[in-house]
Amino acid sequence: MRIRLTRIAALAGFLSSAAFGYYHFVHYANGIGPFQAIQEKFDLTALPNNTVTYQISDAGPTNYSATDGFPFVVSQIRAAAKVWNDVETSDLRLRFGGVAPLGSSQGAATPSIDIVFEDLPPGVNGYGGPTVRRDIVSNGSGTLVPIQRSVVVLSKDIASRPTWSEQYFLTAVHELGHALGLQHSFVSGAMATEITRATTKIRPILPDDVIGLSLLYPSKSFREGLGSITGRVAVSGSDEGIGLASVVAITPGGAAVSTLTHPDGTYRIDGLLPGQYFIYAHPLPPAMQGEATPGNVVLPVDANNRTLAGGQQFDTVFFPASRTPFTTVEVTANEVRDGIDFPVTRRTTPTSIHSITTYSYPGQRAVKPAHIYLAGGRNLVVMAGQGIVQNSQPAPGLQISTISGTVTVPAGGIRPYSPLPEYYLQSDFQFGQFAAEGPVHLLFTRNNDVYVLPYALRIVERTAPQIDSVIRTDDGDAIVSGSGFNGSTRVEFDGAFATVKSYDEIGGRLVVTPPAAAPGTTLHATAFGSDGQSSLFLQTPVTVQIPGGSGDFAPAGTGIGLSTSSVPAGTESLIEVSGTNFAEGATSVGFGTPDIDVRKVWFPSPNRMYVNVRVAPNAALASYNMTVLNGVRLTTLNGALQVNGSKAPWFDMPGNLVAGSNATIHVNGLSFGQSAAIQVSLNDRPMQVMGVDGSNVTIALPTDLPAGVAVLRLIAGADSALPLAVTIARPQATVASVTVGFGNAVTADRPAHYGELTNVQIVGLPENLAPTGSQPKVTLTIGGLEHRLLTVNPGGSVMQLQFTLQSLVPQGTQTLHITVEGVAVTPYALPVRAF
C-alpha cells in the first residue's frame, strides 16, 4: 500500500527555485543572498525507471542474540527500504539489489546505496549519507548535486538490539533516509535523532518525513491542492538573519512540519493541509557528546565547498512574538502565506531544555514514545532530557503543558520518577471528554527557556495487542492467539508480514500464513495494531521453531535454478528462476550490483519466477551473485550470472499488450526488413506478423489470448532475440458516449443538465458477465453521488444505461464512475451544469 498519510502526505508544495521546505544536504551557488538551495540527491534521469538499488554486504553482523541471524537482518532492511519506496508523492523507488561482497559496487556505473556493517562506538547504532557525488547539473531532475553512491553503516554487534526490535528497524529507516538525501529534522519523525524520535515499527514515518522525501523527488501529485508559508527569522531590531533556525508549523492533535532557514534567515514550509497552524521558531539543540555541530546537522557549503555558518542560539518564539502558542496562521489551498516573520532575541548560552524522551508503561516494559490508553486509568508519562531535573527534583520553575485544549497536566502532576529521580520525571495527564486518538504535543517552559516536543505522547483507544501462543497447523498455516486483536491486526515474522486468512473475534485468534523460512529457523512473531501499537509494548516476540520436512512453514527443497547463466551487457532479457514457495510481495531478487537492474518480476506459479533484467552498457564483464529473499528465507548463489560482451537482438520492454489488438514491439539489433523472415511467439504460440518498419515489428494479438504473463520470443533468420516476459491484458471497458435528449452528445460546450434523461454507452465489457437470464448488477456515481438507473440494456460487450441527472451533483466537470458486475469502467469526465 502506497503511503499517502491520509492527504497530509498527498503533500502539495509550491516550489520556486528558491524553495527550501525541509533540510537536506545543501549547496549554495554563493555565500551571499539571495540564497537558492541546491540539494544532493539521486538524479532520476540517471536511474533505470527512477529506481535506486541497495546492496547489502555479505559481511554482516558478527554478534547476534541467540535466535537471530543474517537472513533476518536482510529481511528487516528490505522492510525499512519499503517504507521509503511506498511514499506515493515521491517519484524515487528503491529496489533490493541482493547480497554482495563488501565493496563490490564501487566501480559500478549506476548510482546505488551500499549497506555495510562496522564496529561502532558505544551509543552509536548506525550512520549514513551520500559518499560519492557528481558535479552540479541541471536537467529533468532540476538543479542538483547528483549522488553517485550513498552508504548506510549498521553495527556488527546486535546482541542487545536484535533485528526484531523496534529500535533496529527504526534505525535502518532513519539511516536509509540519510542515504536518500534527508538530514535530521526536529519534529520527532523518522529523521529525528533516536532521543526524540516518536515513530513505531508499524508507523515508521510521519508527514514531515514524507514531505522531505517528496521535495527531493516530487511526483506529479505532490503539488496538488495544499498550501505553503514563508517568512524570515532575524535578530530583533536588526536585519541580521538567523541561519539554520528550525521553523515548525504544528496543529493540536495533528501534524508537525518543519524546515530550516537559509543563511539569511529566510524559510519556506511546503505541503501543508489547509487549516489553522501555530508556527514557532527554535534554535537547533546544542551539539551532544560526539556530535560536531548543533543538532548533528551537516552544514551547507558554497560553490567552493566552504561551510556557511548557522545554528546560532536564540529564544524560542511562537508567531508573532510570544512564548506560548496563542495566534494561529491560516493556510489556504494552492496559496503561499507570506510574511510569517520572527524577531528573535539572541542568546549567549544554549537553551537548557532540549532532547527529551518520553515513555509510558502499559505493562512492565517501557514504551517509547509514550502511548496512553484512554480507558486504562494509567495516565502518566515518564520523561528524561536536558534541563528538566535538578537535584532529583523537577527543575525550579519548570512547567509542562500541551498544545491541546483537551489534554492537560493537573496541578502538582509533575514529580520525580521514584526509581531513578536523578534522571527522570513523571507527569500525570487529564483527558477532557473530547480527547480522541491521536498525537499530543508537549510544551516545556522554564524562565526564558521554551521547548516543544511534537508527538510527545499518543492517545490510543485500544490496548496494545499481546500474543499468547503461535501454533502451527498441518497445512502450514499458524493459529495466533492472544488479546487486543481486531480485524486490522497484522502479524509479522522477522520483517515479513504473514497473510491473514481469518479472524475469530470471540476466540481472539488469527489464522495466518507465515512467510517462507529455512528449516531449523526460529521465527519471532509480533502483532501490530493500526494505531501504531504492537505486542512489543508488552512482551518480547513469541518464537516458533521451523523443523525440516513437509507441513512446515517452508517445505523442504532449497534448490534455486536459472534458465541462463550469462547475459550480454547493454541488453534486456528474461531469466526464469525455479524454486519453491515464491509469492508476489514476499519474494525479492537481486544480483549484487546496480548495473543489473531487475525491471519487473512475475510469479506464474509458486515454483517459478520470470525476471526481466536490464544490464547497463558499461557494466563490468564479470560474474555476479544472485540473491533470492523469499519471505525470510535467504539464498545466495555465488557467481550465478555472467555479464558478457556478446551481441544479440533484444526487446525494449513494452507496456501491457492488449488481446485482440495490434502491438508494435521495438527490437534492438534487428537486421531483417521482411516480415516473412520474422517469427514471433507468445508462450510458444505463433503470432501473425503484420509488418516491419526498421526496428519495429507489429504483430496481431488474438482475442482469446489469456491475460497474464507471457514469454515473448522472436526468430529472424538464423538470429534469435533474447526472450522477454510481457504482460497480456484484456481490453478495458470504456464509456463510448454520453448523450441527452435526441442524441445530443454531452461536451464541454453542451454539458449535461439537471433533470435531463441521460444515456451512456459502454463498450469493451467481457462477455457473459452475468449468469444467463439475469440482469447484470450495475452501479453509477457522478461526483460521488449514486444514481438510480432507469434502464440497463446489455448486449454482449456493449451496454446501454439510462438515468436522470440529479440536482445534488455539483456543477462543473465531475467524474462518472461505473461498475458492471464488479468490473470497473474507465472513469469518464462529465461536464455538468444547472441549465
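Residues numbered from 1 in each chain as written. Predicted model: local features only at pLDDT ≥ 70, side-chain atom pairs only at ≥ 80, totals over all residues. Heavy atoms only, no water.

## Notes on the environment of Ser-483
Within the secondary structure, Ser-483 sits in strand S31 (residues 478–483). A sequence separation of 22 residues divides Ser-483 from Glu-505, and the C-alpha atoms of the two residues are 9.8 Å apart. Setting aside residues no more than four positions away along its own chain, Ser-483 makes contact with Ala-464, Pro-465 and Gln-466. (Helix = DSSP H or I, 4+ residues; strand = E, 2+ residues; numbered from the N terminus. Contact = heavy atoms within 4.5 Å.)

## Let's talk about the pairing of strand S50 (residues 685–693)
As paired elements, strand S49 (residues 678–682) and S50 share three bridges and run antiparallel to each other. Its bridge partner being in S50, Leu-682 is matched across the sheet by Arg-685. By the bridge criterion, five bridges tie S50 to strand S51 (residues 696–700) in an arrangement that is antiparallel. When the sheet's bridge partners are listed, Gly-691 is paired in S51 with Thr-698. Count of turn residues in the S50/S51 antiparallel hairpin: two residues, of which Gly-694 carries a positive phi of about 65 degrees. (Pairing = 2+ DSSP bridges.)

## Some points on the confidence of the model for the chain
Confidence along the chain averages 89 in pLDDT terms, with 95% of residues attaining 70 or more. Per-element averaging of pLDDT across the chain places strand S64 (residues 823–824) at the bottom with 80 and helix H2 (residues 166–180) at the top with 98. Residue range residues 1–21 is modelled with pLDDT below 50. Its contacts to residues more than four positions away, or to other chains, number 94 contacts. Within the model, the stretch residues 549–557 combines pLDDT values under 50 with 31 contacts to residues more than four positions away or in other chains. (pLDDT = per-residue confidence, 0-100.)

## As for the nonpolar core
Most often, soluble globular proteins have nonpolar side chains that are buried together. Judged by nonpolar contacts, the single largest core of 44 residues is most densely connected at Tyr-54, Ile-56, Trp-84, Ile-113, Ile-115 and Leu-180. Elements with a contribution of two residues or more to this core: strand S3 (51–57), helix H1 (70–85), strand S4 (93–100), strand S5 (112–118), strand S8 (142–155), H2 and helix H3 (207–216). Counting residues per element, this core draws most heavily on H1, at nine residues. Excluding residues that lie within four positions of it along the chain, Ile-56 makes contacts with Phe-70, Val-74, Ile-77, Phe-96, Gly-98, Val-99, Ala-100, Ile-115 and Phe-117. (Core = buried A, V, L, I, M, F, W, Y, C linked by side-chain atoms within 4.5 Å. Buried < 20%, exposed > 50% of the residue type's maximum accessible area, 1.4 Å probe, protein only.)

## Overview of the packing of aromatic side chains
If you walk through the whole model with that rule in mind, you get 11 aromatic pairs. Between Phe-444 and Tyr-451 the ring centres are 6.1 Å apart and the planes differ by 45 degrees, which places this aromatic pair in the tilted class. Given the relative accessible area of 15%, Tyr-451 is considered buried. Its end group placed over the ring of Phe-497, Arg-490 keeps NZ or CZ at 3.8 Å from the ring centre. (Phe/Tyr/Trp six-rings, centres within 6.5 Å; stacked < 30°, edge-to-face > 60°. Lys NZ or Arg CZ within 6 Å of the ring centre and 35° of its normal.)

## Observations regarding the sheet that holds strand S37 (residues 542–545)
Strand order across the open sheet formed by four strands is S33-S32-S36-S37, with antiparallel pairing between neighbours. Edge positions in the sheet fall to strand S33 (496–497) and S37, since each of these pairs with one other strand and no more. Here two bridges tie strand S32 (residues 490–493) to S33, and the two strands are oriented antiparallel to one another. Looking at the pairing, Glu-492 lines up with Phe-497 of S33.

## Observations concerning the side chain of Glu-166
Along the chain, Glu-166 turns up in helix H2. For the buried Glu-166, which has no salt bridge, the nearest side chain bearing the opposite charge is Lys-201, at an N-O separation of 7.0 Å. Excluding residues within four positions of it along the chain, Glu-166 makes contact with Thr-199, Thr-200, Lys-201, Phe-528, Ser-534, Leu-536 and Phe-537. (Lys, Arg positive; Asp, Glu negative; His and termini not counted. Salt bridge = Lys/Arg side-chain N within 4 Å of Asp/Glu carboxyl O.)

## Quick notes on the layout of surface pockets
The volume enclosed by the second largest pocket comes to roughly 1100 Å³. Elements that contribute at least two residues to the lining of the second largest pocket include exactly strand S1 (26–28), strand S6 (126–133) and H2. Considering each element in turn, the lining of the second largest pocket owes the most residues, six residues, to S6. Partitioned by chemical class, the residues of the lining of the second largest pocket number 12 nonpolar, 16 polar and six charged. (1 Å grid on protein atoms, 1.4 Å probe; cavity = no way out; pocket = protein on both sides within 12 Å on 5 of 7 lines; lining within 4 Å. Points joined across faces, edges and corners; volume = space filled by probe spheres on them. Nonpolar A, V, L, I, M, F, W, Y, C, P; charged D, E, K, R; others polar.)

## As for empty space enclosed by the protein
Summed over the entire model, instances satisfying the criterion amount to five cavities of 30 Å³ or more. Taken as a whole, the largest cavity spans an internal volume of roughly 330 Å³. Forming the boundary of the largest cavity are 26 residues, of which Phe-186, Pro-285, His-354, Ser-355 and Tyr-451 lie nearest the centre. Listing elements by their share of the lining of the largest cavity, those giving two or more residues are strand S13 (275–282), strand S18 (354–359) and strand S29 (449–460). Considering each element in turn, the lining of the largest cavity owes the most residues, five residues, to S29. Per-class residue counts for the lining of the largest cavity are 15 nonpolar, 10 polar and one charged.

## Quick word on the packing of H1 against H2
The interhelical angle for the contact between H1 and H2, taken along N-to-C directions, is 55 degrees, at an axis separation of 9 Å. Considering their axes alone, H1 and H2 lie oblique with respect to each other. Judged by the twist between their axes, the crossing of H1 over H2 is right-handed. Across from Val-73, Gln-76, Ile-77, Ala-79, Ala-80, Ala-81, Val-83 and Trp-84 in H1, the residues of H2 making contact are Tyr-168, Phe-169, Ala-172, Val-173, Leu-176, Gly-177 and Leu-180. Classifying every residue of the contact of H1 with H2 by side-chain character gives 13 nonpolar, two polar and no charged. (Axes fitted to C-alpha atoms, helices over the stretch in contact; angles between N-to-C directions. Parallel < 35°, antiparallel > 145°, perpendicular 65-115°, else oblique. Left-handed = near helix turned anticlockwise from the far one by under 90°.)

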